[in-house]
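Examining the three-dimensional arrangement
Residue strings, one per chain:
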Amino acid sequence: METRDLYNVRVLPGEGTTTPLTEEEERRFRAVLLNELGNEIADRGWAAFPAHTPEDRRRLVDVAHRLSAHWGRQVFAEAEDQCRMRLCLAGYEAHPTPLQAGSGSSVR
């Protein structure tokens, strides 16, 4: 057996755990979400995106709030199920009482 020098080796997180994003990565990810989901909502009135963690859900509610501010039209964020959220304009809601971006509703 041969011994090798290992450089730039990192321990990977265990299965089922997440690694937090750096501030720069978080900023870039939110910008991509804003652009991509904004385009999809503009095209068809709604967009759905995976949201497996509370942080994912908070991120999508923030995107809905930013789109509302940018467009001057309310963008709603509602849970489709335990792993997916739907962002939509008024009239495209899947449920009768969506969470409104900026309404003070907390996401758990």
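Residues numbered from 1 in each chain as written. Predicted model: local features only at pLDDT ≥ 70, side-chain atom pairs only at ≥ 80, totals over all residues. Heavy atoms only, no water.

By the element assignment, serine 68 lies in helix α2 (residues 54–71). Residue class for serine 68 comes out buried when judged on its relative accessible area of 12%. Separated by 2.7 Å, the side chain of serine 68 and the backbone nitrogen of valine 75 make a polar contact. (Helix = DSSP H or I, 4+ residues; strand = E, 2+ residues; numbered from the N terminus. Buried < 20%, exposed > 50% of the residue type's maximum accessible area, 1.4 Å probe, protein only. Polar contact = N/O pair within 3.5 Å; in protein donor to acceptor, adjacent residues only side chain to side chain.)

The contact between helix α1 (residues 23–44) and α2 brings their axes to 10 Å, and the two run at 60°. On the basis of their axis angle, the class for α1 and α2 is oblique. Like other packed secondary-structure pairs, α1 and α2 cross with a definite hand, here right-handed. Between α1, through Glu26, Phe29, Arg30, Leu33, Leu34, Leu37, Gly38, Ile41 and Ala42, and α2, the contact on the second element is made entirely by Glu55, Arg59, Leu60, Asp62, Val63, Arg66, Leu67 and Trp71. Taken together, the residues of the contact of α1 with α2 sort by class into 10 nonpolar, 1 polar and 6 charged. (Axes fitted to C-alpha atoms, helices over the stretch in contact; angles between N-to-C directions. Parallel < 35°, antiparallel > 145°, perpendicular 65-115°, else oblique. Left-handed = near helix turned anticlockwise from the far one by under 90°. Contact = heavy atoms within 4.5 Å. Nonpolar A, V, L, I, M, F, W, Y, C, P; charged D, E, K, R; others polar.)

In this section: the nonpolar core. Core analysis: the largest hydrophobic core is formed by 15 residues, its most contacted members being Leu37, Ile41, Leu60, Val63, Val75, Met85 and Leu87. Ranked by residues supplied to this core, first place goes to α2 with 5 residues. (Core = buried A, V, L, I, M, F, W, Y, C linked by side-chain atoms within 4.5 Å.)

Going through the model one piece at a time under the given rule, you end up with 13 salt bridges. Arginine 86 serves as the salt-bridge partner of glutamate 78, at 3.5 Å between the closest nitrogen and oxygen. We classify arginine 86 as buried; its relative accessible area is 10%. By sharing partners, the salt bridges in this structure join Glu26, Arg30, Glu55, Asp56, Arg58, Arg59, Asp62 and Arg66 into a single network. (Salt bridge = Lys/Arg side-chain N within 4 Å of Asp/Glu carboxyl O.)

Now for the confidence of the model for the protein chain. Looking at the protein chain, pLDDT values average 82 and 69% of them are 70 or higher. Across residues 103–108 the pLDDT falls below 50, and counting only partners more than four positions away or on other chains, this stretch makes 6 contacts in the model. (pLDDT = per-residue confidence, 0-100.)

Along the chain, the position of methionine 85 falls in strand β3 (residues 84–89). When the C-alpha atoms of methionine 85 and proline 50 are compared, they prove to be 6.3 Å apart, with 35 residues separating the residues in sequence. Among residues more than four places away in sequence, those in contact with methionine 85 are Ala47, Ala48, Phe49, Ala51, Arg57, Leu60, Val61, Ala77, Glu78, Ala79 and Glu80.

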